[in-house]
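A closer look at the structure
Residue-level listing of the chains:
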Amino acid sequence: GTGVDTYADEFDPTVSGNGLVLVFGRAQPGGDPVHLFRATRATPSIPFADVEPLADTNDPSTMDDTTPFLREDGAKLYFASTRVASDGIDLYEAPSTDAGFGAPTPIDDVNTTFSELAPVVTPDDQTLYFGSDRSDGNARGGYDIWVATRISASAGFSQPVNVTELNSDAMELPTFVTADGCTLYFSSTRSGTLAAFVATKARPQQEP
């Protein structure tokens, strides 16, 4: 936290695969508003510095730009925002620029009038996990983990599917997925307090 932490609240850190770029949420004391900040460093062995708000990505008129997730190569940022009030909180993506990250676009393939937040993606940008309180598609209740896939980083995402084997009637939100897509870390309140969990699946067999 050296060079990053302040009298305000800092949370939801996400780091590029090379360890040189950090994006996090910062809220003023009391909780609102929440916006995204970026810090950089020359090597992974020194503290982060040069902390700046993501001016081209944040919406200063909204209360929440939050739950950021950096793709492993650092070239794209995923996050959630309440900038469209009628849609609650939705998912957005923003490309990296020399100054940080650019103007975001909504991920319309997965956004609904319910809430979507806490996106995590595999490095190939083809699998997206996120949390949502939508009530359709075998929803278990509260916030569930959902997954959407696509055939390439430039294609649209499929219809999201509820990851029923991970969800309960409490809150579940994904936090990280490994590069092979076989291990997912997530948070849940199923035990009565917010706790960390990990789930694994078998690696798909390669075609002969």
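Positions within a chain are numbered from 1, following the residues in the order the chain's sequence is written. With the structure being a predicted model, the display of local features is reserved for residues of pLDDT at least 70 and the display and counting of side-chain atom pairs for 80 or more, all residues being used for whole-chain, interface and lining totals. Side-chain numbers come from the whole structure's heavy atoms, not from hydrogens or water.

**Observations concerning the pairing of strand E11 (residues 127-132)**
Relative accessible area decides the class of each residue, using a 1.4 Å probe on protein chains only: under 20% of the type maximum gives buried, over 50% gives exposed, and in between gives partly exposed. In DSSP terms, a helix is any run of H or I states spanning at least four residues, a strand is any run of E spanning at least two, and both are numbered starting from the N terminus. The element E11 is largely enclosed, with a buried count of six among its six residues. Only strands joined by at least two bridges in the DSSP assignment are considered to pair. Examined bridge by bridge, strand E10 (residues 116-121) and E11 share four bridges and lie antiparallel to one another. Within E11, the residue paired with Glu116 across the bridge is Ser132. In this structure, the hairpin formed by E10 and E11 is closed by a connection of five residues, where Asp125 is found at a positive phi of approximately 65°.

**Quick notes on the sheet that holds strand E12 (residues 144-149)**
In any sheet, the strands associate via hydrogen bonds between backbone groups, in a parallel or an antiparallel arrangement. The strand order E10-E11-E12-E13 describes an open sheet built from four strands, whose pairing is antiparallel. The two strands at the open ends of the sheet, each matched to only one other strand, are E10 and strand E13 (161-162). With six bridges connecting them, E11 and E12 associate as antiparallel partners. Bridge pairing links Leu128 to Ala148 in E12.

**Here's the deal with the pairing of strand E5 (residues 65-70)**
Counted residue by residue, E5 has six buried out of six residues, so it is predominantly covered. Of the pairings in the sheet, the one linking E5 to strand E6 (residues 76-81) comprises four bridges and is antiparallel in character. Bridged to Thr66 within E6 is Ala80. Hairpin connection between E5 and E6: a loop of five residues separates the two successive antiparallel strands, and Gly74 in this loop has a positive phi of roughly 75°.

**Focus on the environment of Arg83**
You can see Arg83 is positioned in the loop between E6 and strand E7 (90-97). On the basis of relative accessible area, Arg83 is assigned to the partly exposed category, the value being 22%. Here the alpha-carbon distance between Arg83 and Asn58, two residues 25 residues apart in the chain, equals 9.2 Å. In what follows, a contact means two residues having at least one pair of non-hydrogen atoms within 4.5 Å. When near neighbours in sequence (up to four residues on either side) are disregarded, Arg83 contacts Thr57, Asn58, Asp59, Thr62, Asp65, Tyr92 and Pro104.

**A closer look at the packing of aromatic side chains**
Stacked, tilted and edge-to-face pairs are distinguished by plane angle, under 30 degrees for stacked and over 60 for edge-to-face with tilted covering the rest, among Phe, Tyr and Trp rings (Trp via its six-membered ring) whose centres lie within 6.5 Å. Going through the model one piece at a time under the given rule, you end up with five aromatic pairs. Taking the centre distance of 6.0 Å and the plane angle of 20° together, the rings of Phe24 and Phe37 count as stacked. One end of the pair, Phe24, is in strand E2 (residues 21-27); the other, Phe37, is in strand E3 (residues 34-40), with 13 residues separating them in the sequence. Of the two residues, Phe24 and Phe37, both sit in the buried class.

**So, the pattern of salt bridges**
A side-chain nitrogen of Lys or Arg and a carboxyl oxygen of Asp or Glu constitute a salt bridge if their distance falls within 4 Å. Under the counting rule described, the total for this entry stands at 10 salt bridges. In this structure, Asp73 and Arg71 form a salt bridge, with 3.0 Å as the shortest nitrogen-oxygen distance. Between Glu93 and Lys76 there is a salt bridge, with its nearest N and O atoms 3.4 Å apart. Of this pair, Glu93 sits in strand E7 while Lys76 sits in strand E6, placing them 17 residues apart in sequence. As far as the burial class goes, Glu93 and Lys76 line up, both buried. One network of salt bridges, in which partners are shared, links Arg71, Asp73, Lys76, Glu93, Asp125 and Arg150.

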